[in-house]
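Notes for the structure review
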Amino acid sequence: MDGFDFKSCGRIALVGGAFDPVHFGHLAAAQTVYENFDVDRVVLMPLGDAPHKSLSSTPAAERYEMVREAVRDNPALAVSDMEIRRGGKTYTVDTLRQIKDINPDMDIYFVMGADEFKAIDTWREPESLFSLCRVIAVSRPGYDTASLIKKTAEVKERYGGEASFLEVPSLDISSSDLRKRIRDGRSVKYLIPKEAEEYIIRHDLYKEG
Ligand code: ATP
Ligand code: MG
């Protein structure tokens, strides 16, 4: 693995997630963030392995590698292994602190899909989280835009933080559905980057579990 250097730029957007596997929903959202916010890079950060590994979760190194191959030809996007290196259960607020330790001047946007943003009140230390970053809530099929926008206003009031809504291409793709497709012997063509598809075939991933 080759980590992303957080000293190399001043303003990033961070997308956290399992990326099990990475798909065009993630990538189109990341690219749209890049085009709409003044950031140097959009950094995808796969979470680390669960402490008690379940059979169904793909090793972090493999999830990381698929993201790495998927973003390789796009200078707007990058991948970081920070949470994978830390291992175990990681909280976003700790990741943001770690980035600020490395680069105190770093301006951070944290990108969340509608499903994640809806649950923001259950996240660890939301006040601290909002003091360390600005949140971008991106649309996702099946989630109502109006209530999402309402929620951005609510968190402003509740946590004194900044959150904005961004409409991204509506791609009704999820990693859970992709895993099921592969298990069922169906194709994931045109839903995930070719590099990730080839990696899955090469390593025989998602066949069971
Ligand atoms: P799973 O079904 O396993 O939860 P997922 O497709 O939701 O997988 P994650 O790795 O959980 O993928 O998502 C990482 C981040 O990307 C989350 O903030 C999630 O909301 C967002 N995201 C995932 N898919 C989409 C999509 N199709 N459109 C917009 N945002 C997305
Ligand atoms: Mg998810």
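Before reading further, recall that the structure is shown in the block above.
Report on the accompanying structure. (Residues numbered from 1 in each chain as written. Chains lettered and ligands numbered in written order. Predicted model: local features only at pLDDT ≥ 70, side-chain atom pairs only at ≥ 80, totals over all residues. Heavy atoms only, no water.)

A look at the site of ligand 1
Among the 20 residues in the neighbourhood of ligand 1, the closest are listed as His 23, His 26, Asp 115, Ser 175 and Ser 176. Between Ser 175 and ligand 1, the recorded distance is 2.8 Å, taken from a backbone N or O atom to an oxygen atom. A distance of 3.2 Å separates an oxygen atom of ligand 1 from a polar atom in the side chain of Arg 179. Burial of ligand 1 by the protein chains amounts to 89% of its free accessible area of 600 Å². Among the elements that line the shell around ligand 1, the one with the most residues is helix H8 (residues 175–183), at 3 residues. (Near = heavy atom within 4 Å. Polar contact = N/O pair within 3.5 Å; in protein donor to acceptor, adjacent residues only side chain to side chain. Areas by Shrake-Rupley, 256 points an atom, 1.4 Å probe, with all protein chains shown as cover. Helix = DSSP H or I, 4+ residues; strand = E, 2+ residues; numbered from the N terminus.)

Considerations on the nonpolar core
Ranked by size, the top nonpolar core spans 39 residues in total, and within it Val 22, Val 33, Val 42, Leu 44, Met 66, Ile 136 and Val 138 carry the most contacts. Excluding its chain neighbours within four sequence positions, the residues that come into contact with Met 66 are Pro 21, Val 22, Ala 196, Tyr 199, Ile 200, Leu 205 and Tyr 206. Counting residues in each nonpolar core, the second largest holds 30 residues, with Ile 99, Met 112, Cys 133 and Tyr 159 among its members. (Core = buried A, V, L, I, M, F, W, Y, C linked by side-chain atoms within 4.5 Å. Buried < 20%, exposed > 50% of the residue type's maximum accessible area, 1.4 Å probe, protein only. Contact = heavy atoms within 4.5 Å.)

Here's the deal with the environment of Ser 174
Mapped onto the elements, Ser 174 comes out in the loop between strand S6 (163–166) and H8. In this structure, the C-alpha to C-alpha distance between Ser 174 and Glu 198, residues 24 residues apart in sequence, is 18 Å. Among residues more than four places away in sequence, those in contact with Ser 174 are His 23 and Arg 140. A polar contact of 3.1 Å, which involves the side chain of Ser 174, links it to the backbone nitrogen of Asp 177.

Quick notes on the packing of aromatic side chains
Aromatic ring pairs: the centre-centre distance and the angle between the two ring planes describe each pair. In this structure the tally under the stated criterion is 4 aromatic pairs. Measuring from centroid to centroid gives 5.0 Å for Phe 4 and Phe 6, while their planes differ by 85 degrees, and the two rings are edge-to-face. Overall, the relative accessible area of 13% leaves Phe 4 in the buried class. Ring plane angle 10 degrees and centroid distance 5.7 Å describe the contact between Phe 130 and Tyr 159, whose orientation is recorded as stacked. Of this pair, Phe 130 sits in helix H6 (residues 126–132) while Tyr 159 is found in helix H7 (residues 145–159), placing the two residues 29 residues apart along the sequence. Relative accessible area serves as the criterion here: at 7%, Phe 130 is assigned to the buried category. For Tyr 159, a relative accessible area of 13% gives the class buried. Cation over ring: Arg 124 sits above Tyr 91, and NZ or CZ is 4.2 Å from the ring centre. (Phe/Tyr/Trp six-rings, centres within 6.5 Å; stacked < 30°, edge-to-face > 60°. Lys NZ or Arg CZ within 6 Å of the ring centre and 35° of its normal.)

Description of helix H2 (residues 60–71)
Compared with an ideal rise of 1.5 Å per residue, which puts 12 residues at 16 Å, H2 spans 17 Å between its outermost C-alpha atoms and is within 8% of the ideal. In terms of burial, H2 is largely enclosed, as 10 of its 12 residues are buried. What H2 keeps buried is the set Ala 60, Glu 62, Arg 63, Tyr 64, Glu 65, Met 66, Val 67, Glu 69, Ala 70 and Val 71. Against the buried residues of H2 lie helix H1 (24–36), strand S2 (41–46), strand S3 (77–79), helix H3 (82–86) and helix H9 (194–203). (Expected span 1.5 Å × (residues − 1).)

Notes on the state of the cysteines
Under the counting rule described, the total for this entry stands at 0 disulfides. Looking at Cys 9, it has no disulfide partner, and the nearest cysteine sulfur is the one in Cys 133, 15 Å off. (Disulfide = S-S within 2.5 Å.)

Here's the deal with the pairing of S6
Here strand S5 (residues 134–138) pairs with S6 via 4 bridges, running parallel. Opposite Ile 136, over in S6, you have Ser 164 as the bridge partner. Between the parallel pair S5 and S6, the chain is carried across by H7, and the sense of this crossover is right-handed. (Pairing = 2+ DSSP bridges. Right-handed = clockwise from strand over helix to strand, strands pointing away.)

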